Amino acid sequence: MAADTVLARGYEALAVGNWSEARTAFEEAVRTAESPEALDGLGRSLWWLRQGREAIVCRERAYSGFRRDGELARAARITLWLSREYALVFGNDAAARGWLARAERLLRDVAPGAEQGWLDLARSEGSHEPSQATTYAEAALDAALGARDPDLELRALAQLGFARVSGGEVDKGLAQLDEAMAAATSGEPATLETFADICCTLMLACERAGDMERPQQWSAVLQDFVRKYDHVVLFAFCRTCCADVYAANGRVDAAEQELVAAIQELTDAGQRSRCVNPAARLAEVRVFQSRLDEAEQLLAGFDAEPDATRAAVALRLARSDPASAAALLERRLDELGRMSVLAVPLLEQLVDARVAEGRLEDASVAAGAIAAIAGPSGRERIAAAAAFARGRVATARGGPAAVPELQKAVNRFAALGLRLEVARSRLALARALAPSSPEIAVDIARQARDELEALGDSREADIAAALMRSLGAKGRAGPRAAGLLTRREVEVLRLLGEGLTNAEIARRLFISPKTAEHHVSRVFAKLGLARRSEAAAYAVRHLGPE
Amino acid sequence: MLRGKRQGGRYLRANTDLVRQYYGQVLNGRDLNAVGDYFADERTAAWVQKGCFFYFQAFPDLHVALDEFVAEDDRVFLRSTMTGTHDGEFRGIPATGRHIAVESAEVFRIADGKFVGYWCMVDAAGVMRQLTEEPVGARA
């Protein structure tokens, strides 16, 4: 087969997302007649097949080839890609700067046009200063419009949105990201790389802005779009994003699987995450699941990083250490500023921490800050968060305002389709009702428990069950798991594996020491064990780290 | 005779005032905790509390207008109109944002400043109809 035909086959496969076939074609092209085009195509295929290092090797060789042939624009495009890969995935800033400088030199004598725009896009991505990143992204967008380069236009638009979100212009930024996503899912861009990149940028921006509605809103559109291609292949470019979409839809188990796989892959490849750190995400999931030791292990070494704040705080709150949770939040809020939309997720946790500490005046200030941000932002999610925060503070104070505020929070979260937040505010509502209306409180707590269990938030489900018991209602019997042990007994076994005493198990699962003791003896009897050390060994062997 | 009638008038006024106060504090004032202060029987209080709670959840801006009182002996008859916006789930119907208005008829029996008997008829079918029926002109 002629070299050109093979190359054409490769490009065709790339365009429809058939990466293996693309690789086969380009490999054949490299074998029969090595050219920079063939190496470049092979590099792109390998990147999609998650062979990041091999992709870099191929594209570095393609770069040399293009330079030799005097194709400066194509060579420059590769240097920009290399710069980005080194920065994002390998955390190698020196290499990233080196390749960027290379691109600048190559493009010095090239007339203004799309290539200069790609350079500005790279500069924007490499800039840590939001205003500078915005300026470069705007320049890239101008260049794209002038040169009629749809890939560059959408990438630049998304990057501009991201830079604006980072600088605190959240609504404007997210609107631009929405625009880029809308265009990308309508099939406007020429390459799937652009599509993938815009998805990542959107997720990262939503993470930064604490906007969990948006990934959910886009997930339906995305899934529709990826069905046209191969779902697995297209979503596999970023398991963390995929997990985010699952989590936003209340599919915690699916999110967990994606995150575990993402961390494994990154560890194996010695790479960093392209966007949100999956370890921080998984740590949050582990706190949900009352698997606190595992959460701590995941966060070890980077729990002071901004990325990990939310998970680190959740862990401290779960460990009944609200003072250090609050200190961490206050530090982060000092860096970020307290009156920006970006502060809302931290302020929400701060309310929890201050209430837990009994510092109600401080809790009230944090709740007031959320309300003050909610108004001008015009965002329903933040208005709901404000009602939730005010309701929790009022509950701690014991006033009649708690119930209406929390009812409002339930309704607003429900209108947004945020099921986990609905369940959590319902639990808070049950707690507010408990002193004066125990009967209603039991009903509401039961509803909250069922919702939380269905969503995989077993920690809060346990708290709801404990509240029901304290009000005289029967707790759950514990639905039987597939195996010999009930679901509850599996939880107990896991904690035995962590070496916890009965009293510690009781505290962790919000049950009485007597109930914990009962579960432990059932586990021993069912598994024919005699000693705690045997149970611990059994847990490690049979439950695995999961 | 005349004296007795005047005394009776004060007594009846006190009874309607108690009902007014109950509506002001519990229904329009959203104070669920106060329900127990008005009803002599705990079970009735718990039942009323539950009813109020679910209406508050479904219609956070709920307001009851007290249209007409008739007081006789130890009883107060009340005709009222409840209005509100459907912003929360109500009997399995997710929020529709619709504005509803329903009439109710209630009888309170009062002794020693408490409700010792309570009978009420809310136009529940009217609520459901207003939440579920297709608005006029919805069908093309």
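1. Description of the overall build of chain A
Then, number 1: Looking only at helices and strands, chain A has 30 helices and zero strands in total.
Then, number 2: Intrachain contacts of chain A at a sequence separation of at least 6 include 53% that bridge at least 24 residues.

2. Points about the sheet that holds strand β3 (residues 99-111) of chain B
Residues and elements named next belong to chain B.
Then, number 1: Spatially, four strands are ordered β1-β2-β3-β4 in an open sheet, and the strand pairing comes out antiparallel. Each of the sheet's edge strands pairs with one partner strand only, and the pair in question is β1 (63-72) and β4 (114-122). The mean inter-strand angle of the sheet, taken between neighbouring strand axes irrespective of direction, is 20°.
Then, number 2: Taken together, the eleven bridges between strand β2 (residues 75-85) and β3 define a ladder with antiparallel strand orientation. For Leu 78, the partnering residue across the bridge sits in β3 and is Glu 106.
Then, number 3: Running over the sheet, helix α4 (residues 124-132) touches β3 and β4 and is turned about 165° from β3.

3. Regarding unusual backbone geometry
All names here are of chain A.
Then, number 1: For Ser 320, which is not glycine, the phi torsion reads 55° and is therefore positive.
Then, number 2: Tracing the sequence through the fold places Ser 320 in the loop between α18 (309-318) and α19 (322-336).
Then, number 3: For Phe 510, which is not glycine, the phi dihedral falls at a positive 55°.
Then, number 4: Topologically, Phe 510 is positioned in the loop between α28 (502-509) and α29 (513-527).

4. Quick look at the interface of chain A and chain B
Then, number 1: Each partner contributes residues to the interface: chain A has 13 residues there, and chain B has 15 residues.
Then, number 2: Sorting the residues of the side of chain A that touches chain B by element identifies α23 (402-416) and α25 (438-455) of chain A as the ones contributing at least two each.
Then, number 3: In terms of residue count, the dominant contributor to the side of chain A that touches chain B is α23(A) (eight residues).
Then, number 4: Residue composition of the side of chain A that touches chain B, grouped by class: seven nonpolar, four polar and two charged.

5. Some points on the confidence of the model for chain A
Residue and element names in this part refer to chain A.
Then, number 1: The predicted model of chain A averages 85 in pLDDT, with 90% of residues at 70 or higher.
Then, number 2: Across chain A, the element-wise mean pLDDT spans from 47 in helix α13 (residues 231-235) up to 94 in helix α20 (residues 344-357).
Then, number 3: Below pLDDT 50 for its whole length, residues 477-482 participates in eight contacts with residues either more than four positions away or in separate chains.

6. Let's talk about the pairing of β3(B)
All names here are of chain B.
Then, number 1: Looking at chain direction, β3 and β4 are connected through eight bridges and run antiparallel. Each residue of the ladder has a partner; that of Ser 104, found in β4, is Val 122.
Then, number 2: Connecting β3 to the next strand, β4, in antiparallel fashion are two residues, including Asp 112 with a positive phi near 55°.

7. Details of the packing of α23(A) against helix α24 (residues 419-433) of chain A
To characterise two packed helices, one gives the angle between the axes of the helices and the distance between these axes.
Residue and element names in this part refer to chain A.
Then, number 1: Following both chains from N to C, one finds α23 and α24 inclined at 165°, their axes separated by 9 Å at the closest point. When the interaxial angle is binned, α23 and α24 end up roughly antiparallel. For the element pair α23 and α24, the recorded crossing hand is left-handed. Contacts between α23 and α24 involve Ala 402, Val 403, Leu 406, Gln 407, Ala 409, Val 410, Phe 413 and Ala 414 from the former and Glu 421, Val 422, Ser 425, Arg 426, Ala 428, Leu 429, Ala 432 and Leu 433 from the latter.

8. Considerations on the packing of helix α6 (residues 93-106) of chain A against helix α7 (residues 114-126) of chain A
Residues and elements named next belong to chain A.
Then, number 1: Across the interface, α6 lies against α7 with an axial gap of 11 Å and an inter-helix angle of 155°. Between α6 and α7, the interaxial angle falls into the category roughly antiparallel. The hand of the α6/α7 crossing is left-handed. Every residue of α7 that contacts α6 at Ala 96, Leu 100, Ala 103 and Glu 104 is listed here: Leu 119, Ala 122 and Gly 126.
Then, number 2: In the contact of α6 with α7, the residues fall into five nonpolar, one polar and one charged.

9. Concerning the environment of Glu42(B)
Residue and element names in this part refer to chain B.
Then, number 1: Its place among the elements puts Glu 42 in helix α3 (residues 42-58).
Then, number 2: For Glu 42, a count of 9 C-beta atoms within 10 Å puts it in the exposed group.
Then, number 3: Sequence separation between Glu 42 and Thr 85 is 43 residues; the distance between their C-alpha atoms is 30 Å.

10. So, helix α16 (residues 278-288) of chain A
Residues and elements named next belong to chain A.
Then, number 1: With eleven of eleven residues buried, α16 lies mostly within the body of the structure.
Then, number 2: By the burial criterion, the buried members of α16 are Pro 278, Ala 279, Ala 280, Arg 281, Leu 282, Ala 283, Glu 284, Val 285, Arg 286, Val 287 and Phe 288.
Then, number 3: Once α16 finishes, Ser 290 follows within two positions and takes phi at roughly 65°, a positive value.

11. Examining the nonpolar core
Residue and element names in this part refer to chain A.
Then, number 1: Membership of the largest hydrophobic core comes to 197 residues, with the highest contact counts inside it found for Leu 202, Ala 283, Ala 311, Ile 370, Ala 430, Ala 445 and Ala 464.
Then, number 2: Among the elements that take part in this core, helix α11 (residues 192-209) stands out by supplying twelve residues, more than any other.
Then, number 3: Each of domain 1 (1-110) and domain 2 (483-546) contributes no fewer than three residues to this core.

About the thresholds
- Residues numbered from 1 in each chain as written.
- Chains lettered and ligands numbered in written order.
- Predicted model: local features only at pLDDT ≥ 70, side-chain atom pairs only at ≥ 80, totals over all residues.
- Helix = DSSP H or I, 4+ residues; strand = E, 2+ residues; numbered from the N terminus.
- Contact = placed C-beta atoms within 7 Å.
- Pairing = 2+ DSSP bridges.
- Axes fitted to C-alpha atoms, helices over the stretch in contact; angles between N-to-C directions.
- Nonpolar A, V, L, I, M, F, W, Y, C, P; charged D, E, K, R; others polar.
- pLDDT = per-residue confidence, 0-100.
- Parallel < 35°, antiparallel > 145°, perpendicular 65-115°, else oblique.
- Left-handed = near helix turned anticlockwise from the far one by under 90°.
- Buried ≥ 20, exposed ≤ 12 C-beta atoms within 10 Å, placed from the backbone.
- Core = buried A, V, L, I, M, F, W, Y, C linked by C-beta atoms within 7 Å.
- Domains from an automatic or database assignment.

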